[in-house]
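Descriptive structure summary
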Amino acid sequence: MAKEKSVYICSECGGSSPRWLGKCPSCNAWNTLVESAAESAGGGKNRLSQTGRTGYAGQAQAVTPLAAIEATEVARTPSGIAELDRVLGGGIVEGGVVLIGGDPGIGKSTLLLQAVDALQRQGLPALYVTGEESGAQVALRSRRLGLDNSQVDVLSEIQLEKILATCESTQPAIVIIDSIQTMYSDQLSSAPGSVAQVRECAAHLTRMAKSTGIAVVLVGHVTKEGALAGPRVLEHMVDTVLYFEGDTHSSFRLVRAIKNRFGAVNEIGVFAMTEKGLKGVSNPSAIFLSQHSEPVPGSCVLVTLEGSRPLLVEIQALVDSGGPSPRRLSVGLDRDRLAMLLAVLNRHAGVACADQDVFVNAVGGVRIGEPAADLAVMLSITSSLRGKALPKGFITFGEVGLAGEVRPAPRGQERLKEAAKLGFTVAVVPKANAPKKPIEGITIHAVDRVDEAISLVRGLD
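Figured I'd write up the structure that's included with this text. (Residues numbered from 1 in each chain as written. Predicted model: local features only at pLDDT ≥ 70, side-chain atom pairs only at ≥ 80, totals over all residues. Heavy atoms only, no water.)

1. What about the pairing of strand E1 (residues 6-10)?
This is how it is decided: Summary of the burial criterion: residues with accessible area below 20% of their type's maximum are buried, those above 50% are exposed, and those between are partly exposed, where the area comes from a 1.4 Å probe applied to protein chains only. Runs of E in the DSSP output that reach at least two residues are strands. Runs of H or I that reach at least four are helices, and both are numbered from the N terminus. Any two strands between which DSSP finds at least two bridges are classified as paired.
Judged by how many residues are buried, E1 sits mostly within the fold: four of five residues are covered. Relative to strand E2 (residues 16-17), E1 is paired through two bridges, and the arrangement is antiparallel. Bridge pairing in E2 links Ile9 to Ser16. Linking two consecutive strands that pair antiparallel, namely E1 and E2, is a turn of five residues; a positive phi of about 85° is found at Gly14 within it.

2. What to know about the nonpolar core
Note the cut-off: Buried Ala, Val, Leu, Ile, Met, Phe, Trp, Tyr and Cys residues form a nonpolar core when they are joined through side-chain atoms within 4.5 Å. Note on definitions: a residue-residue contact is assigned when non-hydrogen atoms from the two residues lie within 4.5 Å.
Counting 60 residues, the largest nonpolar core has Ile315, Val360, Ile368, Ile381 and Ile395 as its most contacted members. When sequence neighbours within four positions are dropped, the list of residues in contact with Ile395 reads Val301, Val303, Leu312, Leu416, Ala419, Phe424, Val426, Ala427, Val428 and Ile442. One finds Leu88, Ile92, Ile106 and Ile176 within the second-largest nonpolar core, a separate group that totals 31 residues.

3. Examining the pattern of salt bridges
Basically, it comes down to this: Counted as salt bridges are all cases of a side-chain nitrogen of Lys or Arg within 4 Å of a carboxyl oxygen of Asp or Glu.
In this structure the tally under the stated criterion is 18 salt bridges. The shortest N-O distance in the salt bridge between Arg261 and Asp239 comes to 2.8 Å. Within this pair, whereas Arg261 is found in the loop between strand E12 (252-260) and strand E13 (268-274), its partner Asp239 is found in the loop between helix H6 (233-237) and strand E11 (240-245), the two being separated by 22 residues in sequence. Look at Arg261 and you get partly exposed, because its relative accessible area is 46%. In this structure, a network of salt bridges that share partners links the residues Arg337, Asp374, Glu399, Glu405 and Arg407.

4. Things to note about the sheet that holds strand E15 (residues 299-306)
Convention followed: For helices, the fitted axis covers only the stretch in contact; all axes are lines through C-alpha atoms, and the angles between them, taken along N-to-C directions, range from 0 to 180 degrees.
Taken in spatial order, the seven strands of this open sheet run E17-E18-E16-E15-E19-E22-E23, and their pairing is mixed. Edge positions in the sheet fall to strand E17 (328-331) and strand E23 (443-447), since each has one partner strand and no second. Across the sheet, the mean angle separating the axes of adjacent strands is 25° when strand polarity is ignored. For E15 and strand E19 (residues 394-396), the ladder comprises two bridges, and the chain directions are parallel. Opposite Leu302, over in E19, you have Thr396 as the bridge partner. Relative to strand E16 (residues 309-321), helix H8 (residues 374-386) is tilted by about 35°, and along the sheet it contacts E15, E16, strand E18 (356-362), E19 and strand E22 (426-430). Contacts from helix H9 (residues 412-421) reach E15, E16, E19, E22 and E23 within the one sheet, and its direction differs from that of E16 by about 80°.

Here is the structure:
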């Protein structure tokens, strides 16, 4: 019996190679080639057929000038879960395709079951396709979540063609595919979860969504590194990519929009896991602030921006005497940026930490990527090194450059208003972010350089 021929497909770009290579010849990514069964060359329906070197077999299509196309606002349907609607940009879009990924057990299926039940109760027909659980297991979860008398249709199926036929006959408004890695198409001989199957199934479901107006939500697995499993082309096919973040040992979860064609990118929704499922958190700043009765050394509150939402996050630093090789450790912040900020402190502010262990943590498990956290990190490190707490009700934000200058952060007015609303009374901000009119309840100090900020804070003690 002849051995079945194999081909190696890149999980990043979908390119193929007849043999295994350390580096993909298409996109130059390392260790991404995965073995799969080669497809037969007979199915030429989906391939471009050329008539010759001068043209193609297809007919030329009419084109329309951009100015002649009517621009209409996208119609949205609120899901009934305010935090999820915030991340989606206002609600479910007709014909939109959403990909949501996260670690196992973090709450993806729970949140989507709550959302489709809320949409069903609004009068929108919903179909929940489960490939990982039986219908009885989904029903048991709905009872546990308190979704009594739910009318959401459930289909336990993994074959793509049967799912598409069911969608065509029932015509739901929204379809949940849980998960895309369990689905397979009869057109391919490879196993479910392979690069070819994931790409093919997602392409067919996306085509169905765009042609029929059915909103499709795909649940995706993640790899050990936290990235979505399968080819990266999967993220390019869909309209919105959401990631579940958070520690499974904590009751709080963050849903972050990585890509959104219908809303803001990097928008976050904050949820609390309860016995009755995921509940939206109306004031997420309370999660990321420690409850100190009095100010403590090494603690500084930062006003960060997540999408369109200003959040107050506590930055904690601990500076301790180190050995011959002092450690630099950060949780929730970029470690390389921490090393850069320590060098700026030494050169431009005269604060030397070369022989000290420095540990920095963002409270609450949140990850901060924006450079506006620089000033808060530097002030918390200085506070811990001196053993002196920052003033009560103190907040700050601002980017720090290698020359020691303090650069402005975007939307500084909104950050200051959010801090004043939550009772903070003293702020050190970049000079370009200082408001022209005073903000009631908060005293604002504007600075140009790092040494100026540190001297100012020492005078506030």
